[in-house]
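Listed here are the chains, written in short residue letters.
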Amino acid sequence: MGKALIIGAGGVASVAVHKCVQNSEVFEEICIASRTKSKCDELKAKLDGGKTKITTAQVDADNVEELIALINEVKPDIVMNLALPYQDLTIMDACLATKTHYMDTANYEPEDTAKFEYKWQWEYKERFEKAGITALLGSGFDPGVTGVFSAYALKHYFDEIEYIDILDCNGGDHGYPFATNFNPEINIREVSANGRYWENGEWIETEPMEIKRVYNFAEVGEKDMYLLYHEELESLAKNMPGLKRIRFFMTFGQSYLTHLKALENVGMTSIEPIEFEGKQIIPLQFLKAVLPDPATLGPRTVGKTNIGCIFRGKKDGKEKTYYVYNVCDHQECYKEVGSQAVSYTTGVPAMIGAAMILTGKWNKAGVYNIEEFDPDPFMEELNKWGLPWVEDFNPVLVNDEPVKTKD
Ligand code: NDP
């Protein structure tokens, strides 16, 4: 049915490639292109021989001209951006120049400022409309499935959603005192930033990890979770009519937080360049180099993730609550595709999002966040491709008492 150019060959891309190959009816051909071509070749060697034709290429996705040349050579129907958030705009520029559909899993972040916002990508809307192509933003799990869950809740269960709490729990244990489950640089930038949530039309900022709650997650158990800013808050606050508040919580163990604090205190999480032995280095990038590569955590990670959304609102004038979540087992993922659940829960929706566009189920020109499309076909595919969801119509809500970690 179609051809995809997949940019990036890391943890998330590896899962997406496995899933594209499983879904060969839709992905007849894929080209895996990344900065380090050997990683693309390794993936090809692992998965070649099935119905999906696989090719590989080297590309620097920071370079628009290189990207345009590659797209012109491969002639894909869609570019799946599974590199890093820094490359979103260059890849979107190349898609515009070649009139090719685009999708990603994380919003643009300038490399020299730890600030991610949709404004840069939303600015492309008119140009994508005029070119007659689609940009699907944020087709991972969060953002991604959390947006699909929100659109599904609104479509089927509510007249109005007033409150959304997104709960991202990783109950996995990799046995290291400190490691991150996806790209360490992106992960540490995200969790060391100030927290932020949206209430009554305003953003309320908190200190990093200032707001803590405890929640008992199905199939995982009780975990401490902390309020973080997460990019889907920005698009959902805009796209969900009548919303009064939206928050995002992620679980962290004490060992992770203690290590992070120590690393922060000694300056290792800084993105300000420093002079070291006559060379400019960025401490956080150096830290990334000494931490375990998330792609290697697969065999040693045990436990489950549980990610979902709790909605509160009204249906036919009555109060209603609804919780929809997915539970994913790290070891099951590893057995299936050789990766742990954090890469899995991102790579599967990336494949599904691209499939929605390739099959024409999602078909509108412009730049859209995932909740702006019909959620039903995506929800069906989640069950089919390894991320089944569970519904709870009487969930325990997140305690609204202001439990703070600092006074
Ligand atoms: P990795 O670091 O494992 O992989 C990133 C890949 O991108 C690597 O193959 C890297 O190449 C490649 N790359 C980086 N820069 C360039 C460049 N300039 N040109 C070409 N290729 C480049 O990251 P992950 O797989 O963990 O994460 C991928 C994306 O998924 C990130 O944007 C992350 O934020 C997002 N994500 C989204 C989630 C969601 O739920 N929405 C959850 C988790 C992650 P090289 O091998 O040379 O370094």
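Residues numbered from 1 in each chain as written. Predicted model: local features only at pLDDT ≥ 70, side-chain atom pairs only at ≥ 80, totals over all residues. Heavy atoms only, no water.

Visitor: What is the right way to read the site of the ligand from this model?
Guide: Near the ligand, the surroundings consist of 28 residues, among which Arg35, Thr36, Lys39, Ala61 and Asn183 are the closest. Alanine 9 places a main-chain nitrogen or oxygen 2.9 Å from an oxygen atom of the ligand. Taken together, the residues of the shell around the ligand sort by class into 13 nonpolar, 10 polar and five charged. (Near = heavy atom within 4 Å. Polar contact = N/O pair within 3.5 Å; in protein donor to acceptor, adjacent residues only side chain to side chain. Nonpolar A, V, L, I, M, F, W, Y, C, P; charged D, E, K, R; others polar.)

Visitor: Just to check I follow, could you spell out the packing of aromatic side chains for this structure?
Guide: Between two aromatic rings, the relevant description is the distance of the centres plus the angle of the planes. Taken as a whole and judged by the stated rule, the model has 21 aromatic pairs. Their ring planes at 15 degrees and their centres at 5.3 Å tell us that tyrosine 118 and tryptophan 122 sit as a pair that is stacked. Using a relative accessible area of 1% as the deciding quantity, one classes tyrosine 118 as buried. Summarising the aromatic geometry, the rings of tryptophan 362 and phenylalanine 378 are spaced 5.5 Å apart at their centres and angled 15 degrees between planes, so their arrangement reads as stacked. Of this pair, tryptophan 362 sits in the loop between α13 (341-358) and β17 (366-369) while phenylalanine 378 is found in helix α14 (residues 375-384), placing the two residues 16 residues apart along the sequence. Residue classification places tryptophan 362 among the buried positions, given a relative accessible area of 2%. Linked through ring pairs, Tyr152, Tyr157, Phe158, Phe311, Tyr322, Trp389 and Phe393 together constitute an aromatic cluster. One cation-aromatic arrangement involves lysine 364 over tyrosine 368; the distance from NZ or CZ to the ring centre is 4.5 Å. Taking NZ or CZ as reference, lysine 364 lies 4.9 Å from the ring centre of phenylalanine 373, over its face. (Phe/Tyr/Trp six-rings, centres within 6.5 Å; stacked < 30°, edge-to-face > 60°. Buried < 20%, exposed > 50% of the residue type's maximum accessible area, 1.4 Å probe, protein only. Helix = DSSP H or I, 4+ residues; strand = E, 2+ residues; numbered from the N terminus. Lys NZ or Arg CZ within 6 Å of the ring centre and 35° of its normal.)

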